[in-house]
Amino acid sequence: MYRNLLLSALVLPLVACSHALSSPNGEPLPQTYYDYTLYTPEGQALSLSELSTIAADADVILVGEWHTHSAIHRFQTEFLQQLVKTQPKLAVSMEQFSRDNQTIVDQYLASEIGEQTLITQGNAWPNYESDYRPLIEFAKAKQLDVVAANAPRNLVRCVGRKGIGYLDTLSREQRAWAAREINTQASPYKDKFMQSMHHGTQTQNDNQFAAQATWDETMAESIVNYLIDHPDSQVMHIAGKFHVEEGLGIKASIKRRAPKLNVIMISPVGEITLTNPDYQLHVLPPPARYIQPENRIKAIHAMMHHSDEMSCD
């Protein structure tokens with residue numbers, strides 16, 4: 001999964017470092033990669049407690065991230081701490097763990113296994129200890145459920161190689177690791193995804209979108225299923241920015257399954273706008289991964305070569 005995310009970072013639009021950091025109301029701007037400030041969709045400044053009060057009415061809170069961004073991960077834990085003060089029936093749902101490892105996550109929360117076992121057997125992301133440990137440890141201390149919401153990384157990679165039909169070749173157990181229904185039809189989300197793809201044939205790009213949709217649909221289904229089983233609960237879900245922003249990915253998938261759920265989005269931004277559908281988490285944008293196009297192309301080819309070596313039989 002983490003390798004797929006790096007590939008996504010290469011082929012999806014990158015936020016340029018040249019974006020001007022601006023505060024429409026004169027609040028202090030982020031100065032380091034540990035700093036963040038919060039704004040409404042209309043660009044009004046918010047405190048952390050004010051945001052948590054607003055979020056109290058939501059069934060699902062989608063928190064987007066630039067992976068490995070220190071300020072965003074700091075916000076996630078501090079926001080969770082704030083939410084639990086008024087909502088004891090709170091669950092954390094995560095892109096960073098997949099359904100087939102739910103038992104491992106549960107065992108860790110119950111102190112039946114140690115952290116290294118969680119990391120190894122639970123296929124934790126390489127940045128788990130620096131970025132996601134605080135969330136998991138806080139959830140553990142407060143006895144909050146953690147939903148391993150995603151589809152397994154190898155399954156998604158194979159969908160990206162072979163298309164959505166790959167799922168029909170899986171055993172019943174393996175097929176249950178991905179969402180029952182995966183929508184790959186035309187949508188604003190698909191348009192946005194395809195606009196970011198600047199390489200590959202139409203079939204290759206369609207397969208890549210099928211993989212993207214498998215992520216979104218599986219995470220959405222996992223969240224909805226949890227709320228069906230725990231109807232008085234609230235879910236805070238952590239996922240990549242592209243999955244969350246504008247409500248085009250995970251939110252749209254949730255609303256197709258459960259139209260009455262109240263879903264809000266919080267997305268990181270490098271520049272505050274006055275007409276954003278999401279609550280805005282203002283941080284320093286990540287540095288550009290590549291300046292010279294040839295270096296970016298080399299990285300894409302290297303990752304594709306690794307993917308080609310993987311067996312999907």
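Going by the annotation in an unreviewed UniProt entry, the name recorded for the protein chain is Haem-binding uptake Tiki superfamily ChaN domain-containing protein, with Vibrio panuliri given as the source organism.

J.: I tried to follow the pattern of salt bridges on my own but got confused; where do I start?
T.: Close approach of charged atoms allows side chains with opposite charge to pair. The full count for this structure, using the stated rule, is 10 salt bridges. Of the charged contacts in the structure, one is a salt bridge between Glu78 and Arg74, with a shortest N-O distance of 3.0 Å. Taken together, the residues Glu78 and Arg74, both in helix H3 (residues 70-83) and 4 residues apart, mark about one turn of the helix. A residue is classified by how much of its surface remains accessible, and Arg74, at 37% relative accessible area, is partly exposed. Here the salt bridges do not stand alone but share partners, grouping Lys192, Lys241, Glu245 and Glu246 into one network.

J.: Hey, could you run me through the side chain of Arg157 in this one?
T.: Within the fold, Arg157 resides in helix H7 (residues 153-162). For Arg157, a relative accessible area of 15% puts it in the buried group. For Arg157, the side chain forms a polar contact with the side chain of Asn154, separated by 3.2 Å.

J.: Help me understand the state of the cysteines, please; the structure alone is not making it clear to me.
T.: Throughout this description, disulfide means a covalent bond between two cysteine sulfur atoms. Per the counting criterion, the structure on display carries 1 disulfide. Paired through a disulfide, Cys158 and Cys312 show a sulfur-sulfur distance of 2.1 Å. Negative torsions about the S-S bond denote left-handed disulfides, and the value of about -90° found for Cys158 with Cys312 makes this one left-handed. Of this pair, Cys158 sits in helix H7 while Cys312 is found in the segment after helix H13 (293-308), placing the two residues 154 residues apart along the sequence. With a relative accessible area of 2%, Cys158 lands in the buried category. By relative accessible area, which is 7% here, Cys312 ends up buried.

J.: Can you walk me through the packing of aromatic side chains in this structure?
T.: Between two aromatic rings, the relevant description is the distance of the centres plus the angle of the planes. With the rule as written, the count across this model stands at 8 aromatic pairs. Between Phe193 and Phe242 the ring centres are 6.3 Å apart and the planes differ by 70°, which places this aromatic pair in the edge-to-face class. Within this pair, whereas Phe193 is found in helix H9 (residues 188-195), its partner Phe242 is found in helix H11 (residues 241-244), the two being separated by 49 residues in sequence. Like Phe193, the residue Phe242 is buried in the burial classification. Chaining the aromatic ring pairs together yields one cluster made of Tyr189, Phe193, Phe209 and Phe242. In this structure, Lys140 packs its charged tip against the face of Tyr108, placed 4.0 Å from the ring centre. Between Lys192 and the ring centre of Phe242, over which it is positioned, the NZ or CZ distance is 4.8 Å.

Conventions and cut-offs
Note that residues are indexed from 1 along each chain, following the sequence as it is written. The predicted nature of this model means local features are confined to residues of pLDDT at least 70 and side-chain atom pairs, given and counted, to a pLDDT of 80 or more, with totals for whole chains, interfaces and linings taken over all residues. Side-chain metrics rest on all non-hydrogen atoms present in the structure, leaving aside hydrogens and water. Within this document, salt bridges are pairs made up of a side-chain nitrogen of Lys or Arg and a carboxyl oxygen of Asp or Glu, the two lying within 4 Å of each other. Here a strand is any run of E in DSSP of at least two residues, a helix any run of H or I of at least four, and the numbering for each starts at the N terminus. Only protein chains enter the calculation, and the probe is 1.4 Å; a residue is then buried if its accessible area is under 20% of its type maximum, exposed if over 50%, and partly exposed in between. Polar contacts here mean pairs of N or O atoms no more than 3.5 Å apart (in protein, one a potential hydrogen donor and the other a potential acceptor; neighbouring residues in sequence count only if both atoms are side-chain atoms). Cysteine sulfur atoms that come within 2.5 Å of each other are treated as a disulfide pair. Aromatic contacts are taken between Phe, Tyr and Trp rings whose centres are within 6.5 Å, Trp giving its six-membered ring; a plane angle under 30 degrees counts as stacked, one over 60 as edge-to-face, and the others as tilted. A ring is scored as having a charge over it whenever the NZ atom of a lysine or the CZ atom of an arginine sits within 6 Å of its centre and within 35 degrees of its normal.

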